[in-house]
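# Structure assessment
Below are the chains, spelled out letter by letter.
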Amino acid sequence: MSVLKAALLQMEVQQEIPDSLARAEGLVRQAKEQGAQLALLPEMFCCPYQTPNFPVYAQPQGGEVCQALSRMAKEYGLYLGGSMPESDEAGRVYNTAYVFAPDGSLAAKHRKMHLFDVEVEGGISFRESDTLTPGDSITTFQTPWGTMGLCICFDFRFPELVRLMADRGAKVILVPAAFNMTTGPAHWEVLFRARAVDNQLFTLGAAPARDPASGYTSYGNSIAVSPWGEVLGRLDEKEGLLLVDIDLSLTDKVRREMPLHFGRRSDIYTLKAIGNEAGEK
């Protein structure tokens, strides 16, 4: 397979988990009706994005939200991913992205490695580390279209992580994210185009719809970018679905015509992962 039909689901996050799941399923159903083979939900798609909420909404792997995603992936016959707060047996809370395969099995799990602790004068102030624990794994997984990478929002700002996923064969990077009204207008499209061009792969970012009345206002603008840096599609701030055709042969073409991988000076500099890089499942 070379062409993947991918759907980015920009949903309105609800106060109650069952309501968010119902809203997510409505968009998944629409995506399937339009031929999607992969659908990506936003960061914290079932939890209003505020640090005190993360421990309250957190569930263990295999909980209600995971079961719902697994069921939807199987029922609608597609790959389905998104991020949620996850709790472990020790009481730690993570921002965790899951991807479930069309048979309902877990294809990938990524705990956000880089926590969003920022203080922008005149803009956003946020500290995920107040309630979240960082993950420690680089996450890639196999699909019929080839290797894909998975990371979450602030992770995507670190070029080393995306390069390591590309070095492991990733041709598509999935990014559940929730940029805000300070960082989004400044950096959202820039980062998705830069990571795509630097690593010659597709970048797909799914964000929550914008709710100005919430404690954290999402920028929205879910986006898909090609290995050449072309914006294939982009939503506005409202709830919606972005459907794009991802032709994986373009990745090979761009890498062949502009062989950055072979031009790297490994005799002068190298990049390698240290410790756990297999990803948690």
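Preceding this section is the structure that the text describes.
Overview of the structure.

## Things to note about the pairing of strand β3 (residues 79-87)
Counted residue by residue, β3 has nine buried out of nine residues, so it is predominantly covered. One ladder, built from eight bridges, connects β3 with strand β4 (residues 93-100); its direction is antiparallel. Bridged to Gly81 within β4 is Val99. Hairpin connection from β3 to β4: five residues lie between these consecutive antiparallel strands, with Gly91 at a positive phi of about 90°.

## Quick notes on the packing of helix α1 (residues 17-33) against helix α3 (residues 64-76)
The geometry of α1 relative to α3 is characterised by a closest axis approach of 11 Å and an angle of 15° between their N-to-C directions. Regarding the angle of α1 to α3, the classification is roughly parallel. Judged by the sense of rotation from one axis to the other, the crossing of α1 with α3 is right-handed. Together, Ile17, Pro18, Leu21, Glu25, Val28, Arg29 and Lys32 of α1 and Glu64, Val65, Ala68, Arg71, Met72, Glu75 and Tyr76 of α3 make up the contact between the two elements. Split into classes, the residues belonging to the contact of α1 with α3 amount to eight nonpolar, no polar and six charged.

Quick notes on the rules
- Residues numbered from 1 in each chain as written.
- Predicted model: local features only at pLDDT ≥ 70, side-chain atom pairs only at ≥ 80, totals over all residues.
- Heavy atoms only, no water.
- Buried < 20%, exposed > 50% of the residue type's maximum accessible area, 1.4 Å probe, protein only.
- Helix = DSSP H or I, 4+ residues; strand = E, 2+ residues; numbered from the N terminus.
- Pairing = 2+ DSSP bridges.
- Axes fitted to C-alpha atoms, helices over the stretch in contact; angles between N-to-C directions.
- Parallel < 35°, antiparallel > 145°, perpendicular 65-115°, else oblique.
- Left-handed = near helix turned anticlockwise from the far one by under 90°.
- Contact = heavy atoms within 4.5 Å.
- Nonpolar A, V, L, I, M, F, W, Y, C, P; charged D, E, K, R; others polar.

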